[in-house]
Amino acid sequence: MSARVVVLISGTGSNMAALLDAAADPAYGATVVAVGADRAAAGLARAEQAGVPTFVVPFSEYSDRSEWNRALAERIAEFAPDLVVSAGFMRILGHEVLRENTVINIHPALLPAFPGAHAVRDALDYGVKVTGATAHFVDEGVDTGPVIEQVVVRVEDGDDAASLHERIKTVERRMLVDVVGRLARHGWALNDRQVKLGGAPSKDVTEENR
Ligand code: GAR
């Protein structure tokens, strides 16, 4: 049976779109059953085109964070997901959502370096020579949960935040598709902070790390 996945987005949703494309193959093992957002995100249109239900829980319409988290948890629960994927969702999730769901997040840096909302700019400003993307389980901290997978991207001379982020997103999408598929098909083991993902990484992910 295919794992039920709810994807949360705030913006373009290119990572979500990559998951939709992958999930079109029944052998992938995961189905995107809904896409949610905290605002009128551009990516929702792509999900609607694919016939996937969408919902918006606007952060601005709730008087406090826990009320918003409760409302979000209720919308997510309607779709009974096995996995929630935060893919460019620019909000911190509270225990109201986390206690009921297994949530993974992608982040455009090699955590624990450069957590937060401006990871690509922060890495560039620091002057690092390599950066990348991380997939991790979400806990109540800011980008602090156990790391599932990471891919490396070199910083090139002349990179600005936009050019670097585009290259990161290219490898990040492959990593996300690989990780969600393996979580769905093979499961995982979590021992303290050590994540052991079932199955083998796909070739296009391992090649990025050479
Ligand atoms: C991705 O690069 C994701 O890692 C980042 O937002 C982008 C979303 O792109 N997330 C964060 O910075 C979270 N701190 P997308 O909307 O095109 O998938």
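Conventions and cut-offs
Residues numbered from 1 in each chain as written. Predicted model: local features only at pLDDT ≥ 70, side-chain atom pairs only at ≥ 80, totals over all residues. Heavy atoms only, no water. Buried < 20%, exposed > 50% of the residue type's maximum accessible area, 1.4 Å probe, protein only. Helix = DSSP H or I, 4+ residues; strand = E, 2+ residues; numbered from the N terminus. Contact = heavy atoms within 4.5 Å. UniProt positions renumbered as here; feature names shortened; annotations may be inferred. Salt bridge = Lys/Arg side-chain N within 4 Å of Asp/Glu carboxyl O. Pairing = 2+ DSSP bridges. Axes fitted to C-alpha atoms, helices over the stretch in contact; angles between N-to-C directions. Core = buried A, V, L, I, M, F, W, Y, C linked by side-chain atoms within 4.5 Å. Phe/Tyr/Trp six-rings, centres within 6.5 Å; stacked < 30°, edge-to-face > 60°. Near = heavy atom within 4 Å. Polar contact = N/O pair within 3.5 Å; in protein donor to acceptor, adjacent residues only side chain to side chain. Areas by Shrake-Rupley, 256 points an atom, 1.4 Å probe, with all protein chains shown as cover. 1 Å grid on protein atoms, 1.4 Å probe; cavity = no way out; pocket = protein on both sides within 12 Å on 5 of 7 lines; lining within 4 Å. Sits in = over half its atoms within 2 Å of the grid points. Nonpolar A, V, L, I, M, F, W, Y, C, P; charged D, E, K, R; others polar.

1. Quick look at helix α1 (residues 14-23)
The α-helix advances 3.6 residues per turn, and as a result positions three or four apart in sequence lie on the same side.
Now for step 1: Within α1, eight of the 10 residues are buried, leaving the element largely enclosed by the surrounding structure.
Now for step 2: By the burial criterion, the buried members of α1 are Asn15, Met16, Ala17, Ala18, Leu19, Leu20, Ala22 and Ala23.
Now for step 3: Along its buried surface, α1 packs onto β1 (3-9), β2 (30-37), α2 (44-49), β4 (83-86), β5 (103-107) and α6 (161-186).

2. Here's the deal with the UniProt feature "active site" (unreviewed entry) in the protein
Now for step 1: According to UniProt, the "active site" (unreviewed entry) feature falls on His107.
Now for step 2: As for its position among the elements, His107 is in strand β5.
Now for step 3: Other than its neighbours up to four places away in sequence, His107 contacts Phe114, Pro115, Gly116, Ala119, Gly132, Ala133, Thr134, Asp143 and Glu172.

3. Examining the pattern of salt bridges
Now for step 1: Per the counting criterion, the structure on display carries six salt bridges.
Now for step 2: A salt bridge links Arg46 to Asp21; the nearest nitrogen and oxygen atoms lie 2.6 Å apart. Taken as a pair, Arg46 in helix α2 and Asp21 in helix α1 lie far apart in primary sequence, 25 residues in all.
Now for step 3: Here Asp178 makes a salt bridge to Arg182, at a shortest N to O gap of 3.4 Å. In this pair, Asp178 and Arg182 both sit in helix α6, four residues apart, roughly one turn of the helix.
Now for step 4: In this structure, a network of salt bridges that share partners links the residues Asp38, Arg39 and Arg91.

4. Some details on the sheet that holds β2
Now for step 1: If you walk across this open sheet you meet the seven strands as β3-β2-β1-β4-β5-β6-β7, and the pairing is mixed. Two strands lie at the open edges of the sheet, namely β3 (54-56) and β7 (147-154), each paired on one side alone. Each neighbouring strand pair of the sheet contributes to a mean axis angle of 20°, computed without reference to strand direction.
Now for step 2: Running over the sheet, helix α3 (residues 65-77) touches β1, β3 and β4 and is turned about 170° from β3.

5. Focus: unusual backbone geometry
Now for step 1: Cis geometry marks the peptide bond from Leu111 to Pro112; its omega dihedral reads 15°.
Now for step 2: Mapped onto the fold, Pro112 is located in the loop between β5 and α5 (119-126).
Now for step 3: Its identity as a non-glycine residue notwithstanding, Phe114 has a phi of 55°, on the positive side.
Now for step 4: Tracing the backbone shows Phe114 in the loop between β5 and α5.

6. A closer look at the nonpolar core
Now for step 1: Grouped together as the largest cluster of nonpolar side chains are 47 residues, with contacts concentrated most on Val7, Val35, Val85, Ile104 and Val180.
Now for step 2: Sequence-distant contacts of Val7, that is, excluding residues within four places in its chain, are made with Met16, Leu19, Val32, Ala34, Val35, Gly36, Val85 and Ala87.

7. Focus: the packing of aromatic side chains
Each pair of aromatic rings is reported with the distance of its centres and the angle of its planes.
Now for step 1: Taken as a whole and assessed by the stated rule, the structure comprises five aromatic pairs.
Now for step 2: Taking 5.8 Å as the distance between ring centres and 10° as the angle between the ring planes, the aromatic pair formed by Phe55 and Phe79 counts as stacked. Of this pair, Phe55 sits in strand β3 while Phe79 sits in the loop between α3 and β4, and the two are 24 residues apart along the sequence.
Now for step 3: Relative to Trp188, the ring of Phe137 has its centre 5.5 Å away and its plane inclined at 40°; by these criteria the two rings are tilted. Remark: Trp188 occurs in strand β8 (residues 188-191) and Phe137 occurs in strand β6 (residues 130-137); sequence separation between them is 51 residues.
Now for step 4: What makes Trp188 partly exposed here is its relative accessible area of 36%.

8. Observations regarding the site of the ligand
Now for step 1: Surrounding the ligand, one finds 13 residues, the nearest of these being Gly13, Ser14, His165, Lys169 and Glu172.
Now for step 2: Measuring from an oxygen atom of the ligand, one finds a side-chain N or O atom of His165 at 2.7 Å.
Now for step 3: At 2.3 Å, a side-chain N or O of Glu172 approaches an oxygen atom of the ligand.
Now for step 4: Contact with the protein chains removes 92% of the 450 Å² of surface that the ligand exposes when unbound.
Now for step 5: Judged by its atoms lying within 2 Å of the grid points, the ligand is housed in the largest pocket.
Now for step 6: Of the residues forming the shell around the ligand, the biggest block, three residues, is contributed by α6.
Now for step 7: A class-by-class count of the residues in the shell around the ligand yields three nonpolar, eight polar and two charged.

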